[in-house]
Structure formats: C-alpha cells, structure tokens
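Examination of the molecular architecture
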Number of protein chains: 2
Amino acid sequence: MIFRQLFDAETSTYTYLIADRETRLAALVDPVREHVARDLALIDELGLTLAYVLETHVHADHITGAGLLRQRTGARSVASKRGAACADLHLDDGDLLHVGNLVVRVIATPGHTDDSLSYLVGDRVLTGDALLIRSAGRTDFQNGDPAQLYASITTRLFTLPDDTQVYPGHDYRGFTVSSIGEERRWNARVAGKSSAEFSAIMNGLALPPPRHLAVAVPANRSCGEA
Amino acid sequence: MIFRQLFDAETSTYTYLIADRETRLAALVDPVREHVARDLALIDELGLTLAYVLETHVHADHITGAGLLRQRTGARSVASKRGAACADLHLDDGDLLHVGNLVVRVIATPGHTDDSLSYLVGDRVLTGDALLIRSAGRTDFQNGDPAQLYASITTRLFTLPDDTQVYPGHDYRGFTVSSIGEERRWNARVAGKSSAEFSAIMNGLALPPPRHLAVAVPANRSCGEA
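Scope of this entry: the structure provided in the associated data block. Being a predicted model, the structure only gives us computed values, none of them experimental. (Residues numbered from 1 in each chain as written. Chains lettered and ligands numbered in written order. Predicted model: local features only at pLDDT ≥ 70, side-chain atom pairs only at ≥ 80, totals over all residues. Heavy atoms only, no water.)

1. Remarks on empty space enclosed by the protein
Over the atoms, a rolled probe matching the size of one water molecule traces out where space is still vacant. Threshold: A cavity here means a set of points on a 1 Å grid, drawn over the protein atoms and nothing else, where a 1.4 Å probe fits but cannot get out; a pocket is an open set with protein on both sides within 12 Å along at least five of seven lines, and a residue lines either one if it has an atom within 4 Å of a point. Grid points are joined across faces, edges and corners, and a volume is the space filled by probe spheres set on the points. Helix and strand assignments come from DSSP, with helices taken as H or I runs of at least 4 residues and strands as E runs of at least 2, each series counted from the N terminus. For this classification, the nonpolar set comprises Ala, Val, Leu, Ile, Met, Phe, Trp, Tyr, Cys and Pro, the charged set comprises Asp, Glu, Lys and Arg, and every other residue, Gly included, is treated as polar.
Overall, the coordinates contain three cavities of 30 Å³ or more when judged by the stated rule. Its volume calculated, the largest cavity comes out at about 110 Å³. Every residue lining the largest cavity is counted, 17 residues in all, and those nearest its centre are Glu55, Val78, Ala79, Ala84 and Asn220 of chain B. Considering every element that reaches the lining of the largest cavity, the biggest residue donor is strand S5 (residues 76-80) of chain B, with four residues. Residues that form the lining of the largest cavity fall into these classes: eight nonpolar, seven polar and two charged. What the second largest cavity holds in volume is close to 80 Å³. Forming the boundary of the second largest cavity are 15 residues, of which Glu55, His57, Ala79, Ala84 and Asn220 of chain A lie nearest the centre. For the lining of the second largest cavity, the element with the most residues is strand S5 (residues 76-80) of chain A, which contributes three residues. Tallied by class, residues from the lining of the second largest cavity come to seven nonpolar, six polar and two charged.

Pasting the structure below:
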C-alpha cells in the first residue's frame with residue numbers, strides 16, 4: 001500500500017493519499033481546493049490513477065478539492081449518505097469501498113457533524129474530525145452532538161485494536177499520527193471521562209466560529225464546485 | 001520501532017522521535033526549543049526514556065531544544081564533528097549510534113552546511129536540510145557549497161535503495177515523506193541535472209537570509225542554552 005499524509009498549513013488540514021501498489025489505483029481523502037495542483041502532480045509522479053475522492057464529512061474550515069479533482073481526472077467523489085448530495089457515491093456505516101486490492105471500511109462516527117465517517121484501511125484509521133490526537137472535533141455547529149461523538153469515539157474507534165494507527169483530519173500542535181491505544185489512555189477530552197464529563201468539556205469550549213464557515217459549508221455541499 | 005514525525009508550523013521544521021519498542025530507549029532528531037514540553041509529554045506518554053538528542057546540522061532558522069532536553073532528562077546531545085562544540089558526543093561519516101536495539105547509521109551529507117549529517121535507521125533516512133522533498137537545502141550561508149551538496153545527494157543518498165523513505169528537516173508545501181526512488185526521478189533541483197546545472201540553480205535562488213540567522217546559529221552552537 002502507498003500511503004501519504006499531506007498538510008495544508010493555512011487550516012492545519014491533513015489530506016491522505018492511499019493507493020494500491022499493484023493496480024496503481026488511488027483515493028484522496030479530504031483534499032483541499034488550494035492544493036489540487038500539488039496533489040495531482042504527486043499522483044502523476046507516483047504513476048497512480050485517481051479512482052475516488054473521499055470526504056470524512058462536510059468541512060467548515062476549508063473548501064474541498066473534490067469537484068476540481070473529478071473534473072480533471074474523472075475520479076468519483078464519495079461522501080456520507082448524510083453528507084454532500086453532489087457526491088457520485090454515498091456511503092454508510094459498514095460499507096466497503098475497493099480501491100484496487102485495497103479495502104476501505106466505513107465506520108460512521110457522527111458527533112462532530114452528523115455525517116462524519118472514519119475510514120479504516122489495513123491498520124490505519126482516518127478519523128476526520130471525530131477523533132483528533134489527544135483531542136476531539138468541536139461539536140457546536142452543523143448538528144454536532146457531544147454525547148454522540150463520545151459514543152462514536154468510545155464504542156466505534158476505541159474498540160479497534162490498540163496498535164491501529166490514528167490519522168486525523170487536523171492537528172494544530174504538530175502531531176502527525178497517534179494510535180488507538182495511546183488515545184484510549186491519553187486523550188485529554190475522552191480518556192477516563194464519562195459521556196457527561198465529555199459533554200461538559202465540549203460545551204464549555206466557547207470557540208469562535210470557524211473563519212470560513214459561512215463560505216465553506218455551502219461550497220462543500222456542492223463538492224467545491226460552486 | 002516507534003517512529004514519530006513532529007512539526008513546527010512557525011519554521012516548517014520536522015522533528016523526529018525514534019525509539020526501540022523493547023528497551024524503550026529513544027532519540028529525538030532536530031527538536032525545536034519551543035516544543036520541548038510537547039516532545040517530553042509524548043516521550044512520557046509512550047513510556048520512553050530519552051537517551052540521545054541528535055542534530056542534523058547547526059540550524060539557522062530555529063533554536064534547538066537539545067540543551068533544555070538534556071538538562072531535563074540527562075539525555076546526551078549529539079552533533080557532527082564539524083557541528084556544535086557543546087554536544088556531548090560528536091559523530092562522523094560511517095559512525096553507528098545504538099539506541100537500544102536500533103542502529104542509526106551516520107551519512108555525512110555536507111553542502112547545505114559543512115556539518116550536515118543524514119541518519120539512516122532501517123529503511124528510513126532523515127536527511128536534514130540536504131535532500132528536501134523535490135528540493136534541496138539552500139547553499140548560500142554557513143559554508144554551504146552547491147557542488148558539495150550535489151555530490152552528497154547524488155553519491156551518498158541516491159545510492160540508497162529506491163524504496164528508502166526520505167524524511168526531511170523541513171517541508172514548505174505540505175509533504176511529509178518521499179522515497180529515494182521518487183527523488184532520483186522527480187527532484188526538481190537534482191534529477192537529470194549535472195553538478196554545474198545544480199550549482200547554477202542554487203546560486204540563482206537569491207533567497208532572503210533566514211529570519212533568525214543571527215540569533216539561531218550562535219544559539220545552536222551552544223546547544224540552545226545561551
């Protein structure tokens with residue numbers, strides 16, 4: 001398997017390239033519109049064919065590159081059944097997506113947003129904004145729900161093997177990867193906390209709204225093509 | 001082996017944590033002074049003991065965390081024979097450093113600076129500012145020499161197996177890792193270029209001096225303790 005983590009410094013967003021070495025088929029997860037040229041150049045240099053563009057959820061902080069990427073490559077865009085209607089393919093919990101010989105297992109992890117999905121590929125899980133390193137995605141907009149997020153993290157993600165590598169949708173402190181075992185033990189918002197305690201933490205964050213919320217959410221609902 | 005890539009967004013610097021799963025002994029490569037607390041917390045959470053702090057070279061853009069780390073942990077600081085005199089241990093080309101059961105092989109890769117070292121651990125090479133992803137470190141200060149850097153990259157790094165993973169000291173475009181095969185083929189400054197062509201590119205960059213040059217170089221020569 002080919003696996004690449006890519007970063008957008010402007011919004012601290014991680015994009016992931018996953019590809020099958022044999023068939024050279026690839027998927028991009030959570031591409032950022034400003035980096036479409038970078039990502040396409042990398043795909044080309046690695047001799048890959050982009051088959052799918054996956055979203056973990058409708059983002060509020062950046063605009064997806066999905067629309068541009070499907071226009072330029074013919075790749076199919078993929079989102080949650082509760083996510084962007086513009087997507088070519090809609091996934092739900094338990095679905096399997098085949099990228100050549102790779103199998104991507106869909107785990108519904110709502111709570112940051114109601115459409116949030118995590119993607120398990122081998123021993124790596126791409127957790128979007130549900131589980132972040134030592135943290136968790138905010139729950140104060142787009143139908144966020146802290147009790148639901150707590151359940152997603154503790155019953156769906158923390159039940160994966162401890163050595164599963166956690167690749168989040170963002171990091172703001174310079175971390176690139178963690179593991180399920182580590183987050184079970186050290187996640188500052190979840191570890192050793194009840195659902196009520198987690199909700200109290202999340203409801204008390206008092207964060208300013210994401211800078212690009214009013215623009216990004218509608219743009220992402222139309223795959224970044226609006 | 002435990003391997004973690006850490007990022008400093010201010011200077012786009014990568015720090016690496018490498019550790020032996022069995023003995024739990026660890027080394028940090030190119031730590032940034034502002035992130036000493038983050039790095040020590042991670043080392044603690046992973047149940048590791050910091051044995052060494054390695055520098056790839058005397059940095060001009062950030063101040064090393066080496067001094068603080070050795071004060072707080074008793075770890076030994078390690079640098080090139082041509083690097084910071086303050087280090088506890090000085091390495092040269094071909095030296096092997098043992099971190100528990102891990103072996104770090106030292107490859108001298110001068111040219112960005114005259115003290116630049118790369119570190120090979122298993123199938124990963126930490127290239128400092130010699131080989132960057134699709135790029136190479138600037139050569140216009142601190143005894144930089146483009147012809148020397150070209151030789152370091154082409155005769156010392158590009159002779160490693162193609163699937164060796166390349167982990168650089170910086171990236172400014174959101175890349176986290178590459179491979180020797182990829183850089184041999186696609187490096188914009190080196191691939192298909194002669195030494196003279198590479199020197200012409202490097203000498204024509206006309207970059208402004210690093211923002212923190214006047215402070216960082218003397219600070220790093222005293223392990224960040226001045």
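2. Digging into the interface of chain A and chain B
Interfaces are often sized by the accessible area lost when the parts come together. Quick reminder of the rule: Here a residue-residue contact requires only that any non-hydrogen atoms of the pair lie within 4.5 Å. Once two parts are put together, the accessible area they lose, assessed with a 1.4 Å probe and summed over both, is termed the buried area. Salt bridge criterion: a side-chain nitrogen from Lys or Arg within 4 Å of a carboxyl oxygen from Asp or Glu. What qualifies as a polar contact is a pair of N or O atoms within 3.5 Å, subject to a donor-acceptor requirement within protein and to the restriction that residues adjacent in sequence count only when both atoms come from side chains.
On the chain B side, the residues contacting the 18 residues of chain A number 18 residues. Both sides of the chain A and chain B interface together cover about 1,700 Å² of buried area, and 53% of this is carbon and sulfur. Its largest share of buried area at the contact with chain B, chain A owes to Arg4, Glu45 and Phe175 of chain A, together 28% of the area lost on that side. There are four salt bridges connecting chain A and chain B. Inspection of the chain A/chain B interface yields 14 residue pairs in polar contact (both at pLDDT 80 or more). For the side of chain A that touches chain B, the secondary-structure elements that each account for two or more residues are strand S1 (2-8), helix H1 (36-45), strand S14 (178-179) and helix H4 (180-186) of chain A. For the side of chain A that touches chain B, the leading source of residues is S1 of chain A, giving four residues. Considering only residue class, the side of chain A that touches chain B consists of seven nonpolar, five polar and six charged.

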